[in-house]
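Examination of the molecular architecture
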Amino acid sequence: MDNIDIYCPKCQWEPAEDSEWMCECGHVWNTFDTGGRCPSCKKVWDHTQCIGPEGGCDQWSPHLDWYHGLEEIVRKLKEEILEDWGVEVLVPAEVGERYLDK
Ligand SMILES: [Zn+2]
Ligand SMILES: [Zn+2]
């Protein structure tokens, strides 16, 4: 993902390559490798928690709000992720619209 910065929209904490999140199913992985979807059970995490112990703020933010960079590139990436999620089913309507309008 060239030209895209990933960091917490609330505190600007940047996940490391080996930062890890845990799914309800117990799988542990870097959620930004998969656009917020658990590679094991396929659950979509449309919100991502900042990792406090690694220097973050511990707060949850919309997964897509973590992507920053050139508007056009970020917009494309978000569209791809939303498509992968099947936005009409898995994201609350007002959230989907907010992203799709951009
Ligand atoms: Zn899972
Ligand atoms: Zn944070």
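Provided above is the structure to which this section pertains.
Below: a short report on this structure. None of the values given here were measured: they were computed from a predicted structure. Counting of residues starts from 1 at the beginning of each chain's written sequence and follows it residue by residue. The naming scheme follows written order: chains are lettered A onward, ligands numbered 1 onward. Side-chain atom pairs in this predicted model are given and counted only at pLDDT of 80 or more, local residue features only at pLDDT of at least 70, and totals for whole chains, interfaces and linings cover all residues. For side-chain calculations, the full set of non-hydrogen atoms in the structure is used, while hydrogens and water are omitted.

Cys 23 (SG), Cys 25 (SG), Cys 38 (SG) and Cys 41 (SG) make up the full set of protein donors to the zinc ion (ligand 1), lying at 2.3 Å. Metal-coordinating donors are taken as N, O and S atoms lying within 2.8 Å of the metal, or within 3.2 Å when the metal is Na, K or Ca; because water is left out, some sites can appear incomplete. By the criteria applied here, four donors are tetrahedral when all angles lie between 85 and 135 degrees, four are square planar and six octahedral when opposite donors are over 155 degrees apart and every other angle lies between 65 and 115, and any other arrangement is irregular. Considering all four donor atoms around the zinc ion (ligand 1), the spread of angles at the metal, 105 to 115°, places the coordination shape in the tetrahedral class. Relative accessible area decides the class of each residue, using a 1.4 Å probe on protein chains only: under 20% of the type maximum gives buried, over 50% gives exposed, and in between gives partly exposed. A relative accessible area of 4% means that Cys 23 is categorised as buried. Judged by its relative accessible area of 38%, Cys 25 falls in the partly exposed class.

Between Lys or Arg on one side and Asp or Glu on the other, a salt bridge is scored when a side-chain nitrogen of the former is within 4 Å of a carboxyl oxygen of the latter. Scanning the entire structure with this criterion turns up four salt bridges. As a salt-bridge pair, Lys 43 and Glu 24 come within 3.9 Å of each other at their nearest N and O atoms. Of this pair, Lys 43 sits in the loop between strand 3 (28-29) and strand 4 (47-49) while Glu 24 sits in the loop between strand 2 (21-22) and strand 3, and the two are 19 residues apart along the sequence. Residue Glu 24 is classed as exposed on the basis of its relative accessible area, which comes to 66%. For Glu 79, the salt bridge goes to Arg 75, with nearest N and O atoms at 2.7 Å. Remark: Arg 75 and Glu 79 occur in helix 1 (residues 71-85); sequence separation between them is four residues, near one turn of the helix. Because the salt bridges share partners, they merge into one network encompassing Glu 72, Arg 75 and Glu 79. A helix here means a DSSP run of H or I that spans at least four residues, while a strand means a run of E at least two residues long, and both kinds are numbered starting from the N terminus.

Turning to its location among the elements, Pro 62 is positioned in strand 5 (residues 60-62). Note on Pro 62: relative accessible area 15%, which makes it buried. A C-alpha to C-alpha distance of 8.7 Å links Pro 62 and Gln 49, two positions 13 residues apart in sequence.

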